[in-house]
Amino acid sequence: MNIQFKKGVLELCVLSLLDRKDFYGYELVEKISKFVNISEGTIYPLLRRFRSEGYVTTYLEESQEGPPRKYYSITNQGKEAYEKLKLEWESFIDGVNNILRGELI
Amino acid sequence: MKKIEYLNHLKTNLQGLPNEEINDILSDYEEHFQIGISKGKTEEEISHELGDPKEIAAGYKLNLKSNQPSDESTTTTTNDNTKRFLVALLLIIVNVMVLSAPVMALLGILVGLFGMGIGFAFGGLGLLLRLPFVLIGNSPHILTSLGLGFGLGALGLLVLILGAVIVKHLIILIKKYVKWNIELVNR
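Residues numbered from 1 in each chain as written. Chains lettered and ligands numbered in written order. Predicted model: local features only at pLDDT ≥ 70, side-chain atom pairs only at ≥ 80, totals over all residues.

Details of the overall build of chain B
Selection criterion: Here a helix means four or more residues in a row that DSSP labels H or I, a strand means two or more in a row labelled E, and each is numbered from the N terminus. What counts as a contact here is a pair of residues whose C-beta atoms, placed from the backbone, lie within 7 Å.
Per the secondary structure count, chain B includes 7 helices and 0 strands. The order of α-helices and β-strands along chain B, N terminus first, is α-α-α-α-α-α-α. Considering only contacts within chain B whose residues lie at least 6 apart along the sequence, 70% involve residues at least 24 apart.

Considering the overall build of chain A
Spelled out, the test is: The exposure label follows from counting other C-beta atoms within 10 Å of a residue's C-beta, where the C-beta atoms are placed from the backbone and the thresholds are 20 or more for buried and 12 or fewer for exposed, leaving partly exposed in between.
Of regular secondary structure, chain A possesses 4 helices and 3 strands. When the elements of chain A are put in sequence order from the N terminus, they spell out α-β-α-α-β-β-α. Looking at the 105 residues of chain A, the share that counts as buried comes to 25%. In chain A, the proportion of contacts linking residues at least 24 apart, taken out of those at least 6 apart, comes to 47%.

Quick look at the sheet that holds strand E3 (residues 69-74) of chain A
Within a beta sheet, neighbouring strands are joined by backbone hydrogen bonds and run either parallel or antiparallel to one another. All names here are of chain A. Inclusion rule: A pair of strands is considered paired only if DSSP assigns at least 2 bridges between the two.
Spatially, 3 strands are ordered E1-E3-E2 in an open sheet, and the strand pairing comes out antiparallel. The open sheet terminates on both sides in strands that have one partner only, identified here as strand E1 (23-24) and strand E2 (56-61). Sheet topology note: the E2/E3 ladder contains 6 bridges and is antiparallel. From the neighbouring strand, threonine 58 faces E3, where its bridge partner is tyrosine 72.

Structural notes on the interface of chain B and chain A
Defined as follows: Classification convention: Asp, Glu, Lys, Arg as charged; Ala, Val, Leu, Ile, Met, Phe, Trp, Tyr, Cys, Pro as nonpolar; all other residues, Gly among them, as polar.
In this complex, chain B contributes 27 residues to the contact, which on the side of chain A involves 25 residues. For the side of chain B that touches chain A, the secondary-structure elements that each account for two or more residues are helix H2 (19-38), helix H3 (43-50), helix H4 (53-64) and helix H5 (71-129) of chain B. Split into classes, the residues belonging to the side of chain B that touches chain A amount to 9 nonpolar, 12 polar and 6 charged.

Focus on the packing of helix H2 (residues 25-35) of chain A against helix H3 (residues 43-52) of chain A
Residues and elements named next belong to chain A. Worth spelling out the cut-off: Axis lines are fitted to C-alpha atoms, over the contacting stretch for helices. Their N-to-C directions set the angle, which ranges from 0 to 180 degrees. In this scheme, roughly parallel covers angles under 35 degrees and roughly antiparallel covers those over 145, while 65 to 115 is roughly perpendicular and the rest are oblique. Put simply, a crossing is left-handed when the front helix is turned counterclockwise from the back one by less than a right angle, and right-handed when it is turned clockwise.
One way to put it is that H2 packs onto H3 with a least axis distance of 10 Å and a crossing angle of 120°. Taken together, the axes of H2 and H3 lie oblique to each other. Between H2 and H3 lies a crossing of right-handed hand. Facing Gly25, Leu28, Val29 and Ile32 of H2, the residues of H3 in contact are Ile43, Tyr44 and Leu47. Per-class residue counts for the contact of H2 with H3 are 6 nonpolar, 1 polar and no charged.

Observations concerning the nonpolar core
Residue and element names in this part refer to chain A. Rule in force here: As used throughout, a nonpolar core is a set of buried Ala, Val, Leu, Ile, Met, Phe, Trp, Tyr and Cys residues joined through C-beta atoms within 7 Å of each other.
Judged by nonpolar contacts, the single largest core of 30 residues is most densely connected at Val14, Leu18, Leu28, Ile43, Leu47 and Val56. Per element, the largest residue contribution to this core is 5 residues, and it comes from H3. Not counting chain neighbours up to four residues away, the residues in contact with leucine 28 comprise Val14, Leu17, Phe23, Ile43 and Tyr72.

Following this line, the structure appears as structure tokens:
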């Protein structure tokens, strides 16, 4: 699949999951790759960019097994970006589906 | 690829970024390996799932170069154009199929109205022009002819004025509708 396209979709998936609860990196990767075929490593650069853009914040939390984990938490700014992306995505999908199904009305 | 190998590859490809950031990035992947191993995966499996370290490093470097290139704006414009096209198509269909019948009917009524107005006005005029002959003939119907002539003429003028007023408002309405259509497409 087209890389740029996939990147945009990945952003939407990450924001969507974080909108529901905080995740640590591995968990996020696991959840997404369960549904979408991706190179799992590409999620971490994305998360870093989200942090520099102020969409997410991070904090460390102890885990029962092994060292503390880095958790990602969505900010209000991130939520706004998510809503916007989601609307864009939905209208895009609607448009494409209309064309694919030949329903031009 | 073993974990150490993978992280080394990543580190090499991340050169150029601040050392602090490189270490921070590597710690994210270290954590990923650790959790994966604790869930029973092998280092090779995890390396494979993560993907080419060169590509991942490129992803970080792309972040650095102006947060996002222009690719996002192009997707939104194509998206907008698709939507605009669909809205325009929908409007054309609605305008042709739904609105054409009532508009035609209205046009017919207006033509009828003007015809009636003109007919009345000329009828009245004709009656008035006939007046001299009526006078000569000493007919008892002078008052009737006079009244009918003026009445018919006035009624004709009234109908014509009414028609003009309707046309004026109709034009305003049509202008508004066309403007609304254009706005809908451009939204």
